[in-house]
Amino acid sequence: MTDWDGVPGYLRRLVEASADLPLRHRMGRATETARRSAVLILFGEGPSGPDVLLIEKSTALRRHAGQPAFPGGGVDPGDDYPVGTALREAQEEAGVDPAGVRVLATLQELFLGPSDNLVVPVVAWWEKPGEVRIGDTREVARVARVPLSELADPANRFRVAHPSGYIGPAFGVADMVVWGFTAGLLDAVLDAAGLALPWDARDVRPLPVPGARSAGLPGSVDQGGEEDDAAPTVADPAPDGPATRTFGPR
C-alpha cells in the first residue's frame, strides 16, 4: 500500500500495526477440512463521522443466528481470495459496490472452530460510500454503518460471559449487542488505530439471546445467559500459542 491519498490517519496507523494485532485463536490450529472464508472491515466517512459497516445475521440461521458481524462468507470458485471473497460477500449481503472500495490490507488468518472456517479479515476504505441495504433476507436481518465514536465510547463497552466459560469484549451499539469474533476484531482494531478509550472491563454481562437489542441488556452480572449454537471465536485476552499466518498489506 503506497497511495494514502484521502485515507484517514487512523487507518494508516491500523495498517502499519496490522501484522502485530493480538488475534490468536482460542481453539488452536485449523483442521484439514477447514473452509476458507473472508470478512470485509469496511470503513467510511458517514453523517456522524468515521464509521464501519456491520450486518446483523438472520435469527433463522443454524449458526451465528442473530449475531452482528462483518459482511463475509466462504470462498467461491473463481474468487480472488481473500479480497475477492470479502468484496463479493459485502455486495451480496449489504449492497456494497466493490468499485467504490479501496482495499488497504488483510489481517491475520483466524480459525473459527465451531464453524470449521479459516477467516481472513480484509480492511478497506469506502472511497465512494453508497446506500447500504439488505441483499439476502435469508441471511441478513439488518445493515448498519456504526460510528467509530460510538464503538469507542466507554459507556457502550462491556464484556459478555458465554456458558462455555468464555468471557470476551462486547459493544452495545446501533441497537445491537456485538460480541465474539466481531467484537474481538473491533477491540483490536480500535487499539491499533489509536481510537480506543479506557473502559470498565469488570462489567461482565450474560450473553444475550440471539437478536437481543442493546437497550434490553441486563446489568452487570458474573454468569448466566442463553447459549448460542455458535461459540465465541476470538478470546479476550488472546491465549498463548503460535502466531497465526498474516497476509501482508496490499
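Residues numbered from 1 in each chain as written. Predicted model: local features only at pLDDT ≥ 70, side-chain atom pairs only at ≥ 80, totals over all residues. Heavy atoms only, no water.

**Quick notes on the overall build of the protein chain**
What counts is decided by this rule: Elements are defined by DSSP. Helices are runs of H or I of four residues or more, strands are runs of E of two residues or more, and each kind is numbered from the N terminus. In this description, contact between two residues means that some pair of their heavy atoms is separated by no more than 4.5 Å. The Shrake-Rupley method, run with a 1.4 Å probe, gives the accessible areas here. Residue values count only the displayed protein chains as cover.
Helix and strand content of the protein chain: four helices and twelve strands. Restricting the contact set of the protein chain to residue pairs at least 6 apart, pairs at least 24 apart contribute 69%. For the protein chain, the exposed surface amounts to about 11000 Å²; the carbon and sulfur share of it is 48%.

**A short note on the packing of aromatic side chains**
As a reminder of what qualifies: Any two rings among Phe, Tyr and Trp, with Trp reduced to its six-membered ring, count as a pair given centres within 6.5 Å; such a pair is stacked if its planes are under 30 degrees apart, edge-to-face if over 60, and tilted if neither. Relative accessibility decides the category of a residue: with a 1.4 Å probe and only protein chains considered, values under 20% of the type maximum give buried, values over 50% give exposed, and everything between is partly exposed.
This model, assessed by the stated rule, comprises one aromatic pair. Seen from their ring centres, Tyr10 and Phe43 are 5.9 Å apart, and the 70 degrees between their planes marks the pair as edge-to-face. Of this pair, Tyr10 sits in helix H1 (residues 9-16) while Phe43 sits in strand E1 (residues 35-46); the two residues are 33 residues apart in sequence, bridging distant segments of the chain. One exposure class covers both Tyr10 and Phe43, and it is buried.

**Overview of the nonpolar core**
Stated precisely, the cut-off is as follows: Throughout this description, the term nonpolar core refers to a set of buried Ala, Val, Leu, Ile, Met, Phe, Trp, Tyr and Cys residues connected via side-chain atoms within 4.5 Å.
The biggest cluster of nonpolar side chains holds 38 residues, and the ones touching the most others in it are Leu11, Leu14, Phe43, Val52, Phe70, Leu151 and Phe171. Element by element, the count of residues in this core is highest for helix H4 (residues 180-192), at eight residues. Leaving out residues up to four positions away in the same chain, Phe70 has contacts with Val39, Leu40, Ile41, Val52, Leu53, Leu54, Ile55, Thr182, Leu185 and Leu186. Ile55, Ala69, Ala94 and Val120 belong to the second-largest nonpolar core, a separate cluster that totals 22 residues.

**Here we look at the pattern of salt bridges**
For side chains bearing opposite charge, pairing can occur when the charged atoms are close. Quick reminder of the rule: When a carboxyl oxygen of Asp or Glu is within 4 Å of a side-chain nitrogen of Lys or Arg, the pair counts as a salt bridge.
Counted by the stated rule, this structure contains ten salt bridges. A salt bridge links Asp51 to Arg145; the nearest nitrogen and oxygen atoms lie 3.1 Å apart. Of this pair, Asp51 sits in strand E2 (residues 49-57) while Arg145 sits in strand E8 (residues 140-147), and the two are 94 residues apart along the sequence. The partly exposed category is assigned to Arg145, whose relative accessible area is 24%. A salt bridge links Asp200 to Arg202, with the nearest nitrogen and oxygen atoms 3.0 Å apart. The class of Asp200 is partly exposed, set by a relative accessible area of 35%. A relative accessible area of 73% means that Arg202 is categorised as exposed. Connected through salt bridges with shared partners, the residues Asp76, Asp79, Arg88, Glu89 and Glu92 form a single ionic network.

**Here we look at unusual backbone geometry**
Most peptide bonds take the trans form, and the phi angle of most residues other than glycine is negative. A cis amide bond links Tyr81 to the next residue, Pro82, at an omega of 0 degrees. Within the secondary structure, Pro82 sits in the loop between strand E4 (72-74) and helix H2 (83-94). Even without glycine at this site, Ala174 takes up a positive phi of about 50 degrees. Topologically, Ala174 is positioned in the loop between strand E10 (167-173) and strand E11 (176-178). A residue is classified by how much of its surface remains accessible, and Ala174, at 27% relative accessible area, is partly exposed. Phi is positive for Asp175, which is not a glycine, with a value near 60 degrees. By the secondary structure assignment, Asp175 is in the loop between E10 and E11. For Asp175, a relative accessible area of 36% corresponds to the partly exposed category.

**What to know about the confidence of the model for the protein chain**
Put simply, the rule reads: Values of pLDDT, the confidence the predictor places in each residue, fall between 0 and 100.
A residue-level look at the protein chain finds 74% of positions with pLDDT of 70 or above and a mean pLDDT of 79. For the protein chain, per-element mean pLDDT is lowest for strand E6 (residues 110-112), which scores 78, and highest for helix H3 (residues 148-152), which scores 98. In the predicted structure, residues 218-250 sits below a pLDDT of 50 and forms 99 contacts with residues beyond four places in sequence or in another chain.

**Focus on the environment of Ala183**
Tracing the backbone shows Ala183 in helix H4. Sequence separation of Ala183 and Pro169 is 14 residues, and the distance between their C-alpha atoms is 5.9 Å. Residues in contact with Ala183, not counting those within four places in the same chain, are Pro169, Ala170, Phe171 and Val178.

**Side note on H1**
Note the threshold: In this description, the arc belongs to the directions extending from the helix axis to the C-beta atoms.
Restricting attention to buried positions, one finds in H1 the residues Tyr10, Leu11, Leu14 and Val15. One side of H1 holds all its buried residues, which, seen down the axis, span an arc of 135 degrees. On its buried face, H1 sits against E1, E2, strand E5 (101-106), strand E7 (117-126), H3 and H4.

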